[in-house]
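Examining the three-dimensional arrangement
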Amino acid sequence: MCYNNTFGYNGICYSTCPTSLLFANTQTKTCVTALNCPDGFYADTIKQMCVEFCDIATQTFADCITKTCVKNCLSPYYADNSTRNCVLQCPNIPELYAR
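Now for a description of the structure that goes with this document.

**Examining the overall build of the chain**
If you tally the helices and strands in the chain, you get zero helices and ten strands. Going from N to C terminus, the chain has its helices and strands arranged as β-β-β-β-β-β-β-β-β-β. In terms of principal-axis extent, the alpha carbons of the chain reach across some 55 × 25 × 20 Å. By residue count, 37% of the 99 residues in the chain fall in the buried class. On the chain, roughly 6600 Å² of surface is accessible, and the fraction owed to carbon and sulfur atoms is 56%. Considering the chain, the positive charge centre built from 6 side chains and the negative charge centre built from 7 side chains are found 5 Å apart.

See below:
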């Protein structure tokens, strides 16, 4: 098991996961693929770790199909600024509508 903010992969502990296809899982202290991030977590390609919420500063949204934070949601999904998720239907929040 790895300690002190390190993450295991193939028996070695790393401060950051060794490839861009692996993401630090803070729950298991291991490097995992995007699809193996814990339920409710998404692979953030900028932070190179599994995150619960995609970062508003990088303007990314949680894609539930690929389990990654994406800049553009794939069709037929839409980016929902209120939840930072890719959704099938835009939310009914009039404050978000353009005027």
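**Topic: the nonpolar core**
Counting residues in each nonpolar core, the largest one holds seven residues, listed as Phe23, Val32, Ala34, Cys37, Phe41, Ala43 and Cys50. If we ignore the near neighbours within four places in the chain, the residues touching Cys50 are Phe23, Ala24, Asn25, Val32, Cys37, Pro38, Phe41 and Tyr42.

**Comments concerning the environment of Leu22**
Its place among the elements puts Leu22 in the loop between β2 (12–14) and β3 (23–25). In this structure Leu22 comes out as buried when scored by relative accessible area, which is 7%. In sequence terms Leu22 and Asn36 are 14 residues apart; their C-alpha atoms lie 9.5 Å from each other. The contact partners of Leu22, leaving out residues within four places of it in the chain, are Tyr9, Cys17, Cys31, Val32, Thr33 and Gln48.

**Quick notes on the state of the cysteines**
All told, the structure shown has five disulfides when counted by the stated rule. The residue that forms a disulfide with Cys2 is Cys13, at a sulfur-sulfur distance of 1.9 Å. Taking the sign of the torsion about the S-S bond as the criterion, the disulfide between Cys2 and Cys13, at about -90°, is left-handed. Of this pair, Cys2 sits in the segment before β1 (7–9) while Cys13 is found in strand β2, placing the two residues eleven residues apart along the sequence.

**Things to note about unusual backbone geometry**
The residue after Ser75, namely Pro76, is reached through a cis peptide bond having omega 15°. By secondary structure assignment, the location of Pro76 is in the loop between β8 (68–70) and β9 (78–80). Phi is positive for Asn4, which is not a glycine, with a value near 50°. Mapped onto the fold, Asn4 is located in the segment before β1. By relative accessible area, Asn4 is classed as exposed at 72%.

**Side note on the environment of Thr58**
You can see Thr58 is positioned in the loop between β6 (49–51) and β7 (61–63). Overall, Thr58 belongs to the buried group, its relative accessible area being 18%. The sequence separation of Thr58 and Cys69 amounts to eleven residues, and the corresponding C-alpha distance is 9.5 Å. Residues within four places of Thr58 in sequence aside, it is in contact with Ile46 and Lys71. A distance of 3.3 Å separates polar atoms of two side chains, one belonging to Thr58 and the other to Thr60.

Calculation notes
- Residues numbered from 1 in each chain as written.
- Predicted model: local features only at pLDDT ≥ 70, side-chain atom pairs only at ≥ 80, totals over all residues.
- Heavy atoms only, no water.
- Helix = DSSP H or I, 4+ residues; strand = E, 2+ residues; numbered from the N terminus.
- Buried < 20%, exposed > 50% of the residue type's maximum accessible area, 1.4 Å probe, protein only.
- Areas by Shrake-Rupley, 256 points an atom, 1.4 Å probe, with all protein chains shown as cover.
- Lys, Arg positive; Asp, Glu negative; His and termini not counted.
- Charge placed at Lys NZ, Arg CZ, Asp CG, Glu CD.
- Core = buried A, V, L, I, M, F, W, Y, C linked by side-chain atoms within 4.5 Å.
- Contact = heavy atoms within 4.5 Å.
- Disulfide = S-S within 2.5 Å.
- Polar contact = N/O pair within 3.5 Å; in protein donor to acceptor, adjacent residues only side chain to side chain.

By themselves, these observations are geometric and do not establish any function.
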